[in-house]
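A structural walkthrough
As a plain string of letters, each chain reads:
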Amino acid sequence: MTATQATALDTLEEVAARIRSHVVDMCAGPEGGHLGGAFSSVEVLTALYFSVLDVDPRRPDDPERDRFLLSKGHAAVALYATLAERGFFPVGELSGYGRPGSRLMGHPVRAVPGVELPTGSLGHGLALACGFALAHRSAGRDARSFVLLGDGELQEGSVWEAAIAAASLRLDRLVAVVDRNGLQLTGATDRIAPMEPLADRWRSFGWAVREVDGHDAAALADHLAAAPWEPGRPSVLIARTVKGHGLPFLAGRAASHYVTLSPRNHARARAALRTTETAG
Amino acid sequence: MSRATREAYRDTLLPMLERHPELICLDSDTGLFSADHAVAAGEQYVNLGIAEHNLMGMAAGLAACGRIPFVNTMAAFAASRALEAIKIDIAYNRLPVRIMATHGGLAAGHLGPTHQALEDLAVLRVLPGMTVVVPADAAATEAFVEQSLDVSGPLYVRLGRKATPALPEAPPPVIGTAQTLREGGDVVLAACGPYPVLACLAAADDLAGHGIEATVLNVHTLRPFDTETLTAAARPARLVVTVEEHWRSGGLGGAVAEALAEQTAPTRVLRLGMPDRFVDTVGNQEHLVTHYDLTAERVVRTVRTALDTAALSGTTR
């Protein structure tokens, strides 16, 4: 089934709801997971894998494919759920996450079909994606390279090394998304290391910048599908999101960063997701 | 003939770029490639500026898409500043990135400890799948750059800065096989890099005058380590001495000690390297090698002292 067919059957919102449900189940497993940052990025991943990316789960190594990297690798649970929903591996495998013997590690690993390169140490993804984009361009391929960065991750200097390179090389088929949830492990990103005016910062580095509601999957898909927005410039979409979005007892709280859901909280989370789904 | 290994690398790579369109040279403002070289190489040469982490990350991304990047940086920056990108983006993925690291060992000379790399061999050779080579002269560099096309996975090549002397005629060096420059049954002198190898050759001449026959090994490949050649040479010998421009820990001496310790009949190993402190004097590479006593005289002294001690302890039994 192609992404277009999938979205014809299910709305992006329905897919996103299923991904959230998988993430909640994984975070109720023995090791827990990075629930907050996974939830803030669900619509971005949904828009990419169910509308924007030219990828085929049956041919994950097709050289012509678009490439995606989850630079904020701690959101692995969301990526795994997305890849499984998209058909890269069976959904049933998600229940093994964090359990001995599973290939679903806490950060994305190449053993998982659909994962391009392992990530997790922050500040690596943009440079890798620059390499993808340069390779595609010099091979004359139209494929695009996408990368999802966390806003806390922008504190890594290597991100800006890569931002300089991308603009200097005019890699306009490179698209970055910043998951701007405003929180990192110990608190507000702008209290720990102020990053505003964020859009101006990227613009000053030579990037084309847009901002969007990061939980509006259709709007995300529209913007991402339209890139490059300006010829010769790489694109960055600042997605305004909420950490833990959709779970009232965790949303917008730094405490959602890493969560091992107790049976009680697992039940609360599942109930909250059902309510959101019904209301939506 | 004296020639810089880094220039030998550049002059070997340029024609290879024409023959192999999958190769790409990524620079970090090292100045090794001139504007004319860059023009000649076209899109196969990219200067990414002074950003070594990005250099390694982009190289990994390119390699993941089928390119074979040669990245130019200084050994000091590869082995520490960009190490995480080398570990995670390159080594973890077993990608065929060629890290061409200049100013290795003491080659940075008067530029000081910020630009000297005395830990690179220790750091790089522990990374799974990493091939680590140290050509001892320009001819070996040419051979290794050409052979690099046959190396799967990542490769680290430690180069120099200024011209260093050519080694005497010897069998062509091959990545992965220690080069036997001289054979003798009493001691093994094992070295890597231009001045240490020359010091061992000169020491072997001197020792022969004292009736001590030395095997001299140019152990240019630290990983994968040629345990076979080393063991065969060491088995009959009474002593192995290693010499390198590196801290005494973790480099060639460490690799030799590890390899022999796992054999059933280990031979005593004495490691000559840099003392456990940062360079605190001004000088070019030759001066520093002498100042820190990585010399033929030191090797001779080390061997004679060790063998005299062994002889004395032998007589007391």
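The rules behind the values
- Residues numbered from 1 in each chain as written.
- Chains lettered and ligands numbered in written order.
- Predicted model: local features only at pLDDT ≥ 70, side-chain atom pairs only at ≥ 80, totals over all residues.
- Heavy atoms only, no water.
- Helix = DSSP H or I, 4+ residues; strand = E, 2+ residues; numbered from the N terminus.
- Buried < 20%, exposed > 50% of the residue type's maximum accessible area, 1.4 Å probe, protein only.
- Contact = heavy atoms within 4.5 Å.
- Areas by Shrake-Rupley, 256 points an atom, 1.4 Å probe, with all protein chains shown as cover.
- Lys, Arg positive; Asp, Glu negative; His and termini not counted.
- Charge placed at Lys NZ, Arg CZ, Asp CG, Glu CD.
- Buried area = accessible area lost by both parts, 1.4 Å probe.
- Salt bridge = Lys/Arg side-chain N within 4 Å of Asp/Glu carboxyl O.
- Polar contact = N/O pair within 3.5 Å; in protein donor to acceptor, adjacent residues only side chain to side chain.
- Pairing = 2+ DSSP bridges.
- Axes fitted to C-alpha atoms, helices over the stretch in contact; angles between N-to-C directions.
- Core = buried A, V, L, I, M, F, W, Y, C linked by side-chain atoms within 4.5 Å.
- Parallel < 35°, antiparallel > 145°, perpendicular 65-115°, else oblique.
- Left-handed = near helix turned anticlockwise from the far one by under 90°.
- Nonpolar A, V, L, I, M, F, W, Y, C, P; charged D, E, K, R; others polar.
- UniProt positions renumbered as here; feature names shortened; annotations may be inferred.

1. Topic: the overall build of chain A
In terms of regular secondary structure, chain A is built from eleven helices and seven strands. Across the 280 residues that make up chain A, the buried fraction comes to 60%. Sequence separation of 24 or more characterises 75% of the internal contacts of chain A that already satisfy a separation of 6 or more. As presented, chain A carries roughly 10700 Å² of accessible surface, and 52% of it is formed by carbon and sulfur atoms. Of the charged side chains in chain A, 29 are positive and 31 negative; the average position of the first set lies 3 Å away from that of the second.

2. A closer look at the interface of chain A and chain B
At the junction of the two partners, chain A supplies 22 residues and chain B supplies 22 residues. With both sides pooled, the region where chain A packs onto chain B buries about 1800 Å², and carbon together with sulfur makes up 64% of that total. Its largest share of buried area at the contact with chain B, chain A owes to A:Pro118, A:His124 and A:Glu161, together 27% of the area lost on that side. The tally of links between chain A and chain B comes to zero salt bridges. Taken together, chain A and chain B are joined by six residue pairs in polar contact (both at pLDDT 80 or more). Of all the secondary structure elements, the ones that give two or more residues to the side of chain A that touches chain B are helix 6 (125-138) and helix 7 (157-168) of chain A. The dominant element in the side of chain A that touches chain B, judged by the number of residues it contributes, is helix 6 of chain A, at eight residues.

3. Regarding the sheet that holds strand 7 (residues 235-240) of chain A
All names here are of chain A. One open sheet holds the five strands; their spatial order is 1-2-3-7-6, and the pairing between them is parallel. At either margin of the open sheet sits one strand with a lone partner, and together these are strand 1 (67-70) and strand 6 (208-213). Neighbouring strand axes in the sheet, compared pairwise and without regard to direction, differ in orientation by 20° on average. Summarising the sheet, strand 6 and strand 7 pair through six bridges and their orientation is parallel. Bridge pairing links Ala-208 to Ser-235 in strand 7.

4. A look at the nonpolar core
Within the largest apolar cluster, 84 residues are counted, with the highest numbers of intra-cluster contacts made by A:Leu126, A:Trp202, A:Trp207, B:Met56, B:Ile99 and B:Tyr156. Examining the composition of this core, we find that nine residues originate from one element, helix 6 of chain A, more than from any other. Residue contacts for A:Trp207: discarding those within four places in its chain leaves A:Leu126, A:Ala163, A:Ala166, A:Ala167, A:Leu174, A:Ala176, A:Trp202, A:Arg233, A:Pro234, A:Ser235 and A:Val236. In terms of nonpolar packing, the next biggest core, distinct from the first, is built from 63 residues, A:Val42, A:Ala81, A:Leu94 and A:Val177 among them.

5. Looking at the packing of helix 4 (residues 42-52) of chain A against helix 10 (residues 217-226) of chain A
All names here are of chain A. Remark: helix 4 packs on helix 10, axes separated minimally by 9 Å, with the N-to-C direction vectors making an angle of 60°. Between helix 4 and helix 10, the interaxial angle falls into the category oblique. You can see that helix 4 and helix 10 cross each other, and the crossing is right-handed. Across the interface between the two elements, Glu-43, Val-44, Ala-47, Leu-48, Ser-51 and Val-52 of helix 4 pack against Ala-217, Leu-220, Ala-221, Leu-224 and Ala-225 of helix 10. Its residues assigned to classes, the contact of helix 4 with helix 10 comprises nine nonpolar, one polar and one charged.

6. As for the UniProt feature "domain: Transketolase N-terminal" (unreviewed entry) in chain A
Within the UniProt annotation, "domain: Transketolase N-terminal" (unreviewed entry) is assigned to residues 14-272 of chain A. Helix makes up 38% of residues 14-272 of chain A and strand 13%, whereas the separation of the span's terminal C-alpha atoms amounts to 15 Å.

7. Some words on the UniProt feature "domain: Transketolase-like pyrimidine-binding" (unreviewed entry) in chain B
Annotation from UniProt places "domain: Transketolase-like pyrimidine-binding" (unreviewed entry) at residues 3-166 of chain B. When the span residues 3-166 of chain B is considered, its composition is 41% helix and 16% strand, and the gap between its end C-alpha atoms is 7 Å.

8. Side note on the sheet that holds strand 4 (residues 98-102) of chain B
All names here are of chain B. With mixed pairing, the seven strands of this open sheet are ordered in space as 2-1-3-4-6-5-10. Each edge of the open sheet is held by one strand with a lone partner, namely strand 2 (45-47) and strand 10 (221-223). Each strand axis lies, on average, 20° off the axis of its neighbour in the sheet, ignoring direction. Two elements, strand 3 (residues 68-74) and strand 4, share five bridges in a ladder whose sense is parallel.

9. Overview of the pattern of salt bridges
Residues and elements named next belong to chain A. Evaluation of the coordinates by the stated rule reveals 27 salt bridges over all chains. As a salt-bridge pair, Glu-85 and Arg-18 come within 3.0 Å of each other at their nearest N and O atoms. Pair noted here: Glu-85 is in helix 5 (residues 76-85) and Arg-18 is in helix 2 (residues 12-27), with a separation of 67 residues, a long-range link. The class of Glu-85 is buried, set by a relative accessible area of 18%. For Arg-18, a relative accessible area of 32% translates into the label partly exposed.

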